[in-house]
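So you can see what is in the structure, the chains are spelled out below.
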Amino acid sequence: MTRRFYSVVLAALLTILTMATGSALALPLASNVPGGIARVPLGTLLDYPDKPKAWLDGQSVWVAADDGHWVAVVGVPLDTPTGTKTLRVATNRGERSVSFPVVEKRYAEQHVRLKDSSKITLSPDDEKRALAEIERIQSLKKHWREIDDTDSNFIRPADGRLSSRFGLRRIFNGAPRAPHSGLDFAAPRGAPVITAASGRVLAMDDYFFNGKTVFVDHGNGLLSMYCHLDRIDVQPGDTLRKGQRLGLAGATGRASGPHLHWSVVLNGTMVDPELFLTQR
Ligand SMILES: [Zn+2]
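Attention here is on the structure that accompanies the text.

About the cut-offs
Residues numbered from 1 in each chain as written. Predicted model: local features only at pLDDT ≥ 70, side-chain atom pairs only at ≥ 80, totals over all residues. Heavy atoms only, no water. Pairing = 2+ DSSP bridges. Helix = DSSP H or I, 4+ residues; strand = E, 2+ residues; numbered from the N terminus. Donors = N, O, S within 2.8 Å, 3.2 Å for Na, K, Ca; no water. Tetrahedral: all angles 85-135°; square planar, octahedral: opposite > 155°, others 65-115°. Expected span 1.5 Å × (residues − 1). Buried < 20%, exposed > 50% of the residue type's maximum accessible area, 1.4 Å probe, protein only. Arc of directions from axis to C-beta. Contact = heavy atoms within 4.5 Å.

1. Regarding the sheet that holds strand β9 (residues 169-172)
The three strands lie next to each other as β7-β9-β10, forming an open sheet whose pairing is mixed. Looking at which strands have only one partner, the edges of the open sheet turn out to be β7 (109-112) and β10 (175-176). As paired strands, β7 and β9 are joined by four bridges and run parallel to one another. Residue Gln110 lies in a different strand from β9, and its bridge partner there is Arg170.

2. Points about the coordination of the zinc ion
In this structure, His180 (NE2), Asp184 (OD), Asp184 (OD) and His261 (ND1) serve as the protein donors to the zinc ion, at separations of 2.0 to 2.7 Å. Note that the zinc ion binds four donor atoms; their angles at the metal cover 52 to 155°, and the shape is irregular. Here the donor residues for the zinc ion map to a single chain with the spacing H-x3-D-x76-H. Residue Asp184 is located in strand β11 (residues 183-185), and its partner His261 is located in strand β19 (residues 260-266); the two are separated by 77 residues in the primary sequence.

3. With respect to helix α2 (residues 124-141)
Over its 18 residues, α2 extends 26 Å from the first C-alpha to the last, a length consistent with the 26 Å expected when each residue adds 1.5 Å. Here α2 has its buried residues at Ala130, Glu133, Ile137, Leu140 and Lys141. One side of α2 carries all its buried residues, which in axial view fall inside an arc of 90°. For α2, the exposed residues lying more than 90 degrees away from the buried face are Pro124, Lys128, Leu131, Glu135 and Ser139. Each element contacted by the buried residues of α2 is listed here: β13 (199-207), β14 (211-217), β15 (222-229), β19 and β20 (269-271).

4. Thoughts on the sheet that holds strand β12 (residues 192-194)
The strand order β12-β18-β16 describes an open sheet built from three strands, whose pairing is antiparallel. Lying at the two open borders of the sheet, with one neighbouring strand each, are β12 and β16 (231-232). In the sheet, β12 pairs with strand β18 (residues 245-248) via three bridges, with the strands oriented antiparallel. Bridge pairing links Val193 to Gly247 in β18.

Limitation: the analysis is restricted to geometry and does not speak to function.
Following this line, the structure appears as structure tokens:
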């Protein structure tokens, strides 16, 4: 009874606060496309004093308070067919399904020539290693740590022009590969790489494809991933403030030259990092 009373008072205060300031949080730009982010309203804070819980395909989804409403901030997998997706939502009034539309996006196509064919046609040993690593990365992407205040107002993790965008359909030496799962910055070897927002270092490793890589956990299923680093300056468990250096850009792993490959993961899926650099 007491907890419920305080929840209602807190919800009312939050509503007043968000009405006064316009918005308590800057959320990433909504884009209901494969590889984008859907913002799905789940009801008002007054109707649902306890924060609702939401899942997409069994994976927990970030729920934020925005303008007096609960909003599910949902990463839409790049291989999602157009149509509707459905969230499972649990509130203090019970469980329900909430659907949202996914519309088509045609990403650009690019042909890439790589001289080092050993990184295209893998030896059995390399293939075994790469497959094991992909499985480890898949489980890291599903990491969930619930916190109150995820900062999704990202800053650029490196200087340099954008040399490859998210979703680009790449063809290496004539063979189609998985679409580009991140955003590339043309950073020279040794250039500082900083964390796009505050967070905690979830993991670091030296992978066959991604090279020296750092995973930063920003809470509520939002992670960022920094790849091909020349050097890593942090340890798993380290708490990072926004803009703190985590390493130096390089060309480790499969890279045609020095650059930073930066991926953003939301509810276990890679989404377009540029949506986090352009707040509404
Ligand atoms: Zn890349």
